[in-house]
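Residue-level structure breakdown
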Amino acid sequence: MKKSLADEIKSKFPNYKKLAEYDFNRCHDLWDRSMYQNNPVFKKVKRLYGNGYKRVTTRQQIIDLFAKKKYYHGYLCALIWGNVGTYPKGKANFEKAFSISHQRLRYLIKRLDSLLSEGKISNTYDLICNRDTKIKGLGVAFSTKILYFLGEANKYKIQPLIFDRKSVEILNWLYRDAKVTNKVNPSNRHYEEFCKRMNKLSEELDLPSAGYLEAFLFNRGYGLICS
């Protein structure tokens with residue numbers, strides 16, 4: 001009898017829960033990069049939040065900011081946590097992403113929260129990734145980071161996740177038939193399928209949230225493919 005996906009992970013990683021917890025909580029400190037320190041928006045953030053900004057280096061710390069509705073601070077921390085601006089055309093996109101106003105971000109998050117509360121994952125994806133309503137400078141992977149942290153903070157029935165290439169590739173391998181993509185013209189259907197499958201698998205593995213599974217697969221998923 002063919003093993004279930006959950007059983008396959010349990011078999012190859014008997015201590016998967018501890019590994020997932022470690023991956024979820026690992027520190028990712030990129031705040032001292034000169035490209036951030038010399039940016040006028042970032043300097044304003046430092047003036048607003050003082051030395052407290054330096055301590056925000058983990059997922060949980062960013063989740064806490066979103067839970068306390070400190071959206072602008074949480075948003076900036078999420079971008080830096082995810083290495084925004086370090087890829088081709090990174091500097092220009094970084095400047096655009098950091099230039100969003102408090103008011104615009106709060107309005108966007110209010111709309112996202114309303115959709116996620118109703119379980120409308122595909123509609124949420126359309127809003128955050130559509131060229132007319134997205135945050136300028138952010139692609140799919142970074143736009144969905146906002147959905148992810150908002151989801152962890154509010155515990156929606158279906159948790160939205162970060163939609164990056166690595167996790168998608170691993171999920172496709174795990175399911176074989178998923179045909180989920182974020183490489184060429186990703187759609188709201190792909191994202192909803194990704195989130196639903198990840199939520200279901202995390203429940204089968206008895207993990208605290210789908211975010212733990214995402215962190216685990218991002219860091220260790222190729223061990224499933226290569227073993």
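Owing to the predicted nature of the structure, the values given are computational and were not obtained by experimental measurement.

Some points on the packing of aromatic side chains
Summed over all chains, the structure comprises 10 aromatic pairs. A centroid spacing of 5.2 Å and a plane angle of 85 degrees characterise the contact between Phe13 and Phe216, whose relative ring orientation is edge-to-face. Here the residue Phe13 occupies a position in the loop between helix H1 (5–12) and helix H2 (16–25), and Phe216 occupies one in helix H13 (residues 210–220), the gap between them amounting to 203 residues. Through a chain of ring-to-ring contacts, the aromatic side chains of Phe66, Tyr71, Trp81, Tyr148 and Phe149 assemble into a single cluster. Stacked on the ring of Phe142, the Lys or Arg Lys145 has its end atom at 4.4 Å from the ring centre.

Overview of the side chain of Arg59
Of note, Arg59 is situated in helix H5 (residues 59–67). Residue Arg59 is classed as buried on the basis of its relative accessible area, which comes to 6%. Within the local environment of Arg59, its side chain forms a polar contact with the side chain of Glu214, the two groups lying 2.8 Å apart. Excluding its chain neighbours within four sequence positions, the residues that come into contact with Arg59 are Phe24, Trp81, Tyr148, Phe149, Gly211, Glu214 and Ala215.

Topic: the packing of helix H12 (residues 188–204) against H13
At a minimum axis distance of 8 Å, the contact between H12 and H13 shows a crossing angle of 100 degrees. Relative to H13, the element H12 is oriented roughly perpendicular. Every residue of H13 that contacts H12 at Met198, Asn199, Leu201 and Ser202 is listed here: Ala210, Leu213, Glu214 and Leu217.

Conventions used here
- Residues numbered from 1 in each chain as written.
- Predicted model: local features only at pLDDT ≥ 70, side-chain atom pairs only at ≥ 80, totals over all residues.
- Heavy atoms only, no water.
- Phe/Tyr/Trp six-rings, centres within 6.5 Å; stacked < 30°, edge-to-face > 60°.
- Helix = DSSP H or I, 4+ residues; strand = E, 2+ residues; numbered from the N terminus.
- Lys NZ or Arg CZ within 6 Å of the ring centre and 35° of its normal.
- Buried < 20%, exposed > 50% of the residue type's maximum accessible area, 1.4 Å probe, protein only.
- Polar contact = N/O pair within 3.5 Å; in protein donor to acceptor, adjacent residues only side chain to side chain.
- Contact = heavy atoms within 4.5 Å.
- Axes fitted to C-alpha atoms, helices over the stretch in contact; angles between N-to-C directions.
- Parallel < 35°, antiparallel > 145°, perpendicular 65-115°, else oblique.

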